[in-house]
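Residue strings, one per chain:
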Amino acid sequence: MVGIKKAFGLGSVLFLIVGVHLALEGCAPSQEADLAYINGNIYTVDGDFSTVSALAVKDGKFTYVGDDAGAQAHIGSGTDVVDLGGRTILPGLHDSHLHIRFGERELYPQVPDIRENLGEWASVERMQEVIRHALETGEGMRPGPEPRWIVLRGWMAAVWDPPVFRKELLDAAAPDNPVFISRYTHGSGANSKALELAGITRDTPDPEGGHIKKDENGEPTGEFVERAPPQLTSLIPDVAPYTDAERDRNLVDGTALAVASGLTTLHGASRTGYNEVQRRIRLYDEGRLKVRINEMVNEDAARRLGEPLNHENKYFVRSVKAFADGALGSRGALLMEEYSDYPGYTGEPVRSEDQLAELGTELLPMGFNLRVHCIGDGGNHVAINAFERAMEATGTSGEDARMALEHAQFFVPEDIPRIKEHNIIASMQPLHATEDMNFAVERVGEERLKYGYIWSDLIDLGVHLPTGTDYSVSPYNPFYTLHAAITRQDRGNNPPGGWYPEQAMTREEALRAATIEGAYVMFAEDILGSIEVGKLADFVVIPVDYMTVPAEDIWKIQPDQTVIGGEVVYSKSDDGS
């Protein structure tokens, strides 16, 4: 455990000496806290959004939340006391939708990313530079006979001029080697050599669940929406899989990065399988995993488990992840009407309403909720209909079901009140709005955008709205999320005044979305999500006042400490910064 630094402000030394002396005289052993934080600015995020100055922790739970004077009754000879010196404490922050790939993406990647930093977009020139680097060094090249494949990730054409992916952009850097490069999400692209080797021509039919883009002459552009043709992907040599020890390392070392950013609970959205669930339980039992995880598993894992799992309030499995459609950037999101910038095409359905309703009807009696990826208004319509049918078929109330729309970006107007009516959760990612603003208007037009990224409207309706990042689509930093939610701006604070600012969250709403709402979607609001007596002691110490720091600076906040279950699992003073 990282040791706690007892840093006492000059103005409170005498107070503490006297207070501790009194506490030693009168503190009963049953009251004596393991930890006490005093002289702070603590946002509890309780029902009244109360602010206090002190808290105490014993056996991993909050035993006192109030003022400094009251805290003295909980301070004894064995209590570690931290004087905050006016610093701020927030409840432990949730990322309610991400992919727990920190180790594989940040620390030990097998596929190079063309982006210099996650959350920044790569230019065409940068992409070509990385391809040439692969040819020179072999980084990103797959083993096998010549010509060897180059495999990369991370392009996003909306920021290019013109904003179009074309195979010729890859050909310019690698005319003789096949190149395959995934988008930042939901799609991919290939160069002419790769198309040639795979035999993909103007006559090649779309793969199941995907689409081969064609130019005005009917020739393949090299871009694939959602799934790429299997006759191409089957040609790409595999890299050596991670060993079991490497997978353990990736999970342990990678999640430590998330903890250092202020995250205490991660909602894994990767349709985790049963064997991986067992790995994570083992790592918790070995004491190697510190962050809490709420897992969205695949249906096979749910069936094998038979019922939801809560492993020592550290590892939760309560949800099954499914897909209704793809992503807006790739034009895979399912729309009710054609794309404004791609006539005749409405996106890619993944699972039908009947399939999702059947799955929900199976899962609800087992105690699992269904969390469905749905971005387009068509995808959300399908999921809402399916949820309604599953709840009706099983006689399950919305409060007990807690079905969730993951991403929940676009709606047809008549579906919006149905979300509240059935207590459906809208799990949204504020960073997506500040990234999608580069292309959303072109994709759907101004009229449909009135019903997109409608955070404020949904909150005003009383909809539960937890927030996350969808890492590694977007950076996992929770303060980036809070900034985007409040400003509707990117980290350059553009556009001035925010993108559709009427849908911005207040600071209180954004903090609730990142804490108690995350706990709600995992059925854990009674033990997580706020700083209240009896709840698990998860919290984050930050050096500035979240409620008053200039909005444009919220994304710059860096935690001083992250505490999970009363254990200081990250301390800035110990990381060399």
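Basis of the calculations
- Residues numbered from 1 in each chain as written.
- Predicted model: local features only at pLDDT ≥ 70, side-chain atom pairs only at ≥ 80, totals over all residues.
- Heavy atoms only, no water.
- Helix = DSSP H or I, 4+ residues; strand = E, 2+ residues; numbered from the N terminus.
- Rg over C-alpha atoms; globule rule 2.2 N^0.38 Å.
- Buried < 20%, exposed > 50% of the residue type's maximum accessible area, 1.4 Å probe, protein only.
- Contact = heavy atoms within 4.5 Å.
- Areas by Shrake-Rupley, 256 points an atom, 1.4 Å probe, with all protein chains shown as cover.
- Lys, Arg positive; Asp, Glu negative; His and termini not counted.
- Charge placed at Lys NZ, Arg CZ, Asp CG, Glu CD.
- Pairing = 2+ DSSP bridges.
- Core = buried A, V, L, I, M, F, W, Y, C linked by side-chain atoms within 4.5 Å.
- Axes fitted to C-alpha atoms, helices over the stretch in contact; angles between N-to-C directions.
- Left-handed = near helix turned anticlockwise from the far one by under 90°.
- Nonpolar A, V, L, I, M, F, W, Y, C, P; charged D, E, K, R; others polar.
- Expected span 1.5 Å × (residues − 1).
- Arc of directions from axis to C-beta.
- Salt bridge = Lys/Arg side-chain N within 4 Å of Asp/Glu carboxyl O.
- Phe/Tyr/Trp six-rings, centres within 6.5 Å; stacked < 30°, edge-to-face > 60°.
- Lys NZ or Arg CZ within 6 Å of the ring centre and 35° of its normal.

Asker: Explain the overall build of the protein chain to me, please; I cannot follow it from the model alone.
Answerer: Looking only at helices and strands, the protein chain has 20 helices and 23 strands in total. Relative to the compact-globule value of 25 Å for 577 residues, the protein chain shows a C-alpha radius of gyration of 25 Å, a close match. Every one of the 577 residues in the protein chain was classed for burial, and the buried ones make up 58%. Within the protein chain, contacts between residues at least 6 apart in sequence are counted, and of these 72% link residues at least 24 apart. Within the structure as shown, the protein chain displays about 21900 Å² of accessible surface, and the carbon and sulfur contribution to it stands at 49%. Placing the 52 positive and 89 negative side-chain charges of the protein chain at their respective mean positions leaves the two points 4 Å apart.

Asker: Is there a simple way to think about the pairing of strand β5 (residues 61-66) in this case?
Answerer: Every regular strand shows the same layout, with side chains that alternate between the two sheet faces. Inspection of the sheet shows strand β4 (residues 54-58) paired to β5 by 5 bridges, in the antiparallel sense. Bridge pairing in β5 links Leu55 to Val65. Count of turn residues in the β4/β5 antiparallel hairpin: 2 residues, of which Asp59 carries a positive phi of about 55°.

Asker: Can you walk me through the nonpolar core in this structure?
Answerer: Soluble, globular proteins show a tendency: their nonpolar side chains are buried together. Core analysis: the biggest nonpolar cluster contains 105 residues, and Leu328, Leu405 and Leu458 have the highest contact counts within it. With 7 residues, helix α12 (residues 377-394) is the single largest residue contributor to this core. Apart from the residues lying within four places of it in its own chain, the contact partners of Leu328 are Ala333, Tyr339, Ile375, Gln409, Phe410, Asp436, Phe439, Ala440, Arg443, Val444 and Tyr453. Counting 20 residues, the second largest nonpolar core, distinct from the first, contains Ile131, Ala134, Leu152 and Leu169.

Asker: For this particular structure, what's the right way to read the packing of helix α11 (residues 353-363) against α12?
Answerer: Describing two packed helices takes the angle between their axes plus the distance from one axis to the other. The interhelical angle for the contact between α11 and α12, taken along N-to-C directions, is 35°, at an axis separation of 8 Å. Relative to α12, the crossing made by α11 is right-handed. Contacts from Glu353, Asp354, Leu356, Ala357, Gly360 and Thr361 of α11 reach α12 at Val382, Ala383, Asn385, Ala386, Arg389, Ala390, Ala393 and Thr394. Per-class residue counts for the contact of α11 with α12 are 7 nonpolar, 4 polar and 3 charged.

Asker: Sorry if this is basic, but what is going on with unusual backbone geometry here?
Answerer: Note: most residues except glycine have negative phi, and most peptide bonds are trans. Here the residue pair Asp161 and Pro162 is connected by a cis peptide bond, since its omega of 0° sits within 30 degrees of zero. The residue Pro162 is located in the loop between β9 (150-155) and α5 (167-171) in this model. Note that the residue after Asn494, namely Pro495, is joined by a cis bond; omega there is -5°. Notably, Arg331 is not glycine yet its phi reads approximately 70°, a positive angle. If you trace the backbone, Arg331 turns up in the loop between β17 (315-323) and α11.

Asker: Would you explain helix α4 (residues 124-137) in this entry?
Answerer: An α-helical turn contains 3.6 residues, so any two residues separated by three or four positions project in the same direction. Counted at 1.5 Å a residue, the expected span for α4 with its 14 residues is 20 Å, and the 20 Å between its end C-alpha atoms agrees. Every buried residue of α4 is accounted for by Val124, Met127, Gln128, Val130, Ile131 and Ala134. Axial view of α4: buried residues confined to an arc of 160°, hence all on one face. Looking at α4, the residues exposed on the side facing more than 90 degrees away from the buried face are Glu125 and Glu136. Buried residues along α4 sit in contact with β9, α5 and β10 (179-183).

Asker: What's the story with the side chain of Ser330 in this structure? I'm lost.
Answerer: On the secondary structure map, Ser330 appears in the loop between β17 and α11. We classify Ser330 as buried; its relative accessible area is 0%.

Asker: How should I be thinking about the sheet that holds strand β7 (residues 88-91) in this particular structure?
Answerer: The pairing of strands in a sheet happens through backbone hydrogen bonds and is either parallel or antiparallel. Across the sheet, 6 strands lie side by side as β3-β2-β7-β21-β22-β23; this open sheet has mixed pairing. Among the strands making up the open sheet, the edge pair consists of β3 (51-52) and β23 (567-571). By the bridge criterion, 3 bridges tie strand β21 (residues 539-542) to strand β22 (residues 561-564) in an arrangement that is antiparallel. Within the sheet, the bridge partner assigned to Phe539 lies in β22 and is Val563.

Asker: Sorry if this is basic, but what is going on with the sheet that holds strand β11 (residues 187-190) here?
Answerer: Strand order across the open sheet formed by 5 strands is β9-β10-β11-β13-β12, with mixed pairing between neighbours. With partners counted over all chains shown, the strands left at the sheet margins are β9 and β12 (210-214), one partner each. Between one strand and the next, the sheet's axes are offset by a mean angle of 25°, whatever the strand orientation. Relative to strand β13 (residues 220-226), β12 is paired through 4 bridges, and the arrangement is antiparallel. Along β13, the bridge assignment pairs Lys214 with Pro220. Packing of α4 onto the sheet brings it into contact with β9 and β10, and relative to β9 it is tilted by some 160°.

Asker: What am I meant to see in the pattern of salt bridges here?
Answerer: Oppositely charged side chains can form a pair if their charged atoms are brought close together. In total, this model carries 36 salt bridges according to the counting rule given. Among the ionic pairs, Asp341 bridges to Arg331, the shortest N-O distance being 3.1 Å. Here the residue Asp341 occupies a position in the loop between β17 and α11, and Arg331 occupies one in the loop between β17 and α11, the gap between them amounting to 10 residues. Overall, Asp341 belongs to the partly exposed group, its relative accessible area being 26%. Residues joined by salt bridges that share partners form a network here, namely Asp244, Asp248, Glu276, Arg279, Arg280, Arg282, Glu286, Arg288 and Glu295.

Asker: Whenever I open this one, the packing of aromatic side chains confuses me. Can you help?
Answerer: Aromatic ring pairs: the centre-centre distance and the angle between the two ring planes describe each pair. One pass over the structure, following the stated rule, counts 16 aromatic pairs. When the ring of Phe102 is compared with that of Tyr476, the centres are 5.1 Å apart and the planes differ by 85°; the resulting orientation is edge-to-face. A residue pair is termed long-range when its members are at least 10 positions apart, and Phe102 in helix α3 (residues 102-107) and Tyr476 in the loop between α17 (455-461) and α18 (478-487) qualify at 374 residues. Each member of the pair Phe102 and Tyr476 is classed as buried. Taken together, the ring pairs in this structure connect Phe410, Tyr453, Trp499 and Tyr500 into an aromatic cluster. Of note, Arg183 hangs over the ring of Trp155, and the distance from its end group to the ring centre comes to 5.3 Å.

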